[in-house]
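# A look at the structure
Spelled out, the chains give:
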Amino acid sequence: MNKLPRDYVNTFSIVAFDPETEELGVAVASKFLSVGSIVPWAKAGVGAIATQSWANPLYGKDGLEWMAEGKDAEQTLQLLLEKDEQRESRQVGLVDAEGNSATFTGSDCYSWAGGISGPNFACQGNILTGEDVVKAMADAFQSATGSLAARLAVALKAGEDAGGDSRGKQSAALLVVKENGGYGGITDRYIDLRVDDHQEPVKELIRILRLHELYFHKSANEDILEVQGEFKAEMAGLLTKLGYIKTAQPSDQEIFEALQSFHLIENFDERIQAEGYVDKKVVNFMNDLVSQRND
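What you see is a predicted model; the values in this text were computed from it and never measured. Along each chain, the written sequence defines residue order, and numbers are assigned to residues from 1. Where local features are concerned, this predicted model is filtered to residues with pLDDT of at least 70; where side-chain atom pairs are given and counted, the filter is 80 or more; whole-chain, interface and lining totals use all residues. Note that the side-chain values use all heavy atoms of the structure and ignore hydrogens as well as water.

### Focus on the packing of helix 7 (residues 252-265) against helix 8 (residues 280-294)
Put simply, the rule is: Here the axes come from fitting lines to C-alpha atoms, over the contacting stretch only for helices, and the angles between their N-to-C directions go from 0 to 180 degrees. Where helices and strands are cited, they refer to DSSP runs of H or I of at least four residues and of E of at least two residues respectively, numbered from the N terminus. Throughout this description, any angle smaller than 35 degrees is read as roughly parallel, any larger than 145 degrees as roughly antiparallel, any in the 65 to 115 degree range as roughly perpendicular, and the remainder as oblique. Only heavy atoms enter the contact rule, under which two residues are in contact if any of them lie within 4.5 Å. Residue classes follow a fixed rule: Ala, Val, Leu, Ile, Met, Phe, Trp, Tyr, Cys and Pro count as nonpolar, while Asp, Glu, Lys and Arg count as charged, and any other residue, Gly among them, counts as polar.
Two elements in contact, helix 7 and helix 8, have axes separated by 12 Å at closest approach and are oriented at 85 degrees. Classified by the interaxial angle, the pair formed by helix 7 and helix 8 is roughly perpendicular. On helix 8, the residues that touch L259, F262 and H263 of helix 7 are V282, F285, M286 and L289. Residues belonging to the contact of helix 7 with helix 8 are distributed by class as follows: six nonpolar, one polar and no charged.

Pasting the structure below:
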């Protein structure tokens, strides 16, 4: 086998669309430093693209522009290939905002290389341990439940468990977009997580996805608790142990102000409740912090 070009991104990825939430996303893992800086491209209301193998970032840029003009995934793929003299070295997966998908693996991609596409998704990979990797990803995505991000993560883990990149592990990334889904509702970048260099990048990606859900998902109604009675005393105790309350017998106002400070300092902006109420997941986080300090 010839020496790999410097920009040869050997990897496995999945692009997908959720017709219920209209989210679009890409998940990718590779024995390649910072794969998330090259492979995933997505735009809300338009599509998602994974460009890899001898990666050409213009597949992401131009592909999204063509889909924004009304081209579907297959039409966009054909346009990308027509203008690329090195197309046989490329690998790409696309899904548009209608759920149409396409995948392409050039004849010069390093073995094993190939892909599977279906309604709302496309999986592809190169320099894999075998075809089982993309099959496992496709099966896992189609049978998984939950958010698009969760299903993409499940598919990525299934691909890794089936053998993944034959050269090993190094980085992973997850990108999900939706209209006004970004911080403060200003951009479409809903989830943008990267593990650039790690011994277990997929596991680490899943760990930080759970942190993202904790910090940035809004509270469920069933998780909102009223701070009163014995529970109020429990909250005062936790806030005292964490250093937010300094007095021996704090007033209600001191407790509520300390709780507000905890939310802001620990980045729980999305889970702040009306005065006198708290999210159960925040309380669980506080208990975990206290336990860690006692260990």
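### A look at the pairing of strand 9 (residues 121-125)
Condition: Only protein chains enter the calculation, and the probe is 1.4 Å; a residue is then buried if its accessible area is under 20% of its type maximum, exposed if over 50%, and partly exposed in between. Pairs of strands are assigned from DSSP output, requiring at least two bridges between the strands.
Burial within strand 9 is extensive, with five of its five residues counted as buried. Across the two faces of strand 9 the burial is the same, with F121, C123 and G125 and A122 and Q124 all buried. Sheet analysis places strand 8 (residues 114-118) next to strand 9, joined by five bridges and oriented antiparallel. What sits directly across from G114, in strand 9, is G125. Count of turn residues in the strand 8/strand 9 antiparallel hairpin: two residues, of which N120 carries a positive phi of about 75 degrees.

### Section: the state of the cysteines
Keep this limit in mind: Two cysteine sulfurs form a disulfide in these notes if their separation is within 2.5 Å.
As enumerated under the stated definition, the model contains zero disulfides in all. For the unlinked cysteine C109, the closest cysteine sulfur is that of C123, found at 16 Å. Look at C123 and you get buried, because its relative accessible area is 0%.

### Quick word on the sheet that holds strand 8
Taken in spatial order, the six strands line up as 8-9-2-3-10-11 in an open sheet, and their pairing is antiparallel. Of all the strands in the sheet, just strand 8 and strand 11 (189-195) have a single pairing partner and so form its edges. Between one strand axis and the next, the sheet turns by 5 degrees as a mean value, whatever way the strands run. Pairing of strand 10 (residues 171-177) with strand 11 involves six bridges; the strand directions are antiparallel.

### So, the pairing of strand 10
Burial of strand 10 is extensive: seven of the seven residues sit out of reach of the surface. Burial along strand 10 is two-sided: S171, A173, L175 and V177 and A172, L174 and V176, pointing in opposite directions, are all buried. Here strand 3 (residues 23-30) pairs with strand 10 via seven bridges, running antiparallel. Paired with V26 across the two strands is L175, which belongs to strand 10.

### Section: the nonpolar core
Note that soluble globular proteins tend to have their nonpolar side chains buried in a common cluster. To keep it simple, the criterion reads: We call a set of buried residues a nonpolar core when its members are Ala, Val, Leu, Ile, Met, Phe, Trp, Tyr or Cys and they connect through side-chain atoms within 4.5 Å of each other.
Core analysis: the biggest nonpolar cluster contains 31 residues, and L152, L156 and L174 have the highest contact counts within it. The element that contributes the greatest number of residues to this core is helix 4 (residues 148-161), accounting for six residues. What L156 contacts, discounting residues up to four positions off in sequence, is F12, A27, V28, A29, M137, A172, V202 and L205. Grouped together as the second largest cluster of nonpolar side chains are 23 residues, F231, M235, V278 and V283 included.

### Description of helix 4
The cut-off we apply is this: Here the expected span of a helix is defined as 1.5 Å times the quantity of residues minus one.
Taking 1.5 Å of rise per residue, 14 residues should cover 20 Å, and helix 4 covers 20 Å from first to last C-alpha, within 8% of that figure. Of all 14 residues in helix 4, 10 are buried, a share of seventy percent or more. Backbone geometry just after helix 4 places G163 at a positive phi near 135 degrees.

### A look at the environment of T51
As a reminder, the rule being used: Here a polar contact means two N or O atoms within 3.5 Å. Within protein one must be a hydrogen donor candidate and the other an acceptor candidate, and residues neighboring in sequence count only if both atoms are side-chain atoms.
Of note, T51 is situated in strand 5 (residues 47-54). You can call T51 buried: its relative accessible area is 1%. In this structure, the C-alpha to C-alpha distance between T51 and V92, residues 41 residues apart in sequence, is 4.6 Å. Leaving out residues up to four positions away in the same chain, T51 has contacts with I38, V39, W41, N56, P57, Y59, G60 and Q91. Within the structure, the side chain of T51 is placed 3.0 Å from the backbone oxygen of N56, a separation counted as a polar contact.

### Remarks on the environment of D197
Mapping D197 onto the fold places it in the loop between strand 11 and helix 5 (201-216). The exposed category is assigned to D197, whose relative accessible area is 55%. Between the C-alpha atoms of D197 and E74, which are 123 residues apart in sequence, the distance is 33 Å. Those residues in contact with D197, other than ones at most four positions away along the chain, are L33 and Q170. Side-chain polar atoms of D197 contact the side chain of Q170, separated by 3.3 Å.

### Quick look at the confidence of the model for the chain
Close reading of the predicted structure is inappropriate where its pLDDT is low. The cut-off we apply is this: Confidence of the predictor at the level of single residues is given by pLDDT, which spans 0 to 100.
With 97% of its residues at a pLDDT of 70 or more, the chain shows a mean pLDDT of 94. Considering only residues more than four positions removed or in separate chains, one finds that residues 1-6, a stretch of pLDDT under 50, has nine contacts.

### Here's the deal with the packing of helix 6 (residues 229-241) against helix 8
Just so we agree on the cut-off: Crossing handedness follows the turn of the near helix against the far one: under a right angle anticlockwise gives a left-handed crossing, and clockwise gives a right-handed one.
Axis separation between helix 6 and helix 8 bottoms out at 10 Å; the angle between their running directions is 45 degrees. Taken together, the axes of helix 6 and helix 8 lie oblique to each other. Seen from above, helix 6 lies across helix 8 with left-handed handedness. Contacts between helix 6 and helix 8 involve F231, E234, M235, L238, L239 and K241 on the former and, on the latter, V283, M286, N287, V290 and R293. Class assignment for the residues of the contact of helix 6 with helix 8 results in seven nonpolar, one polar and three charged.

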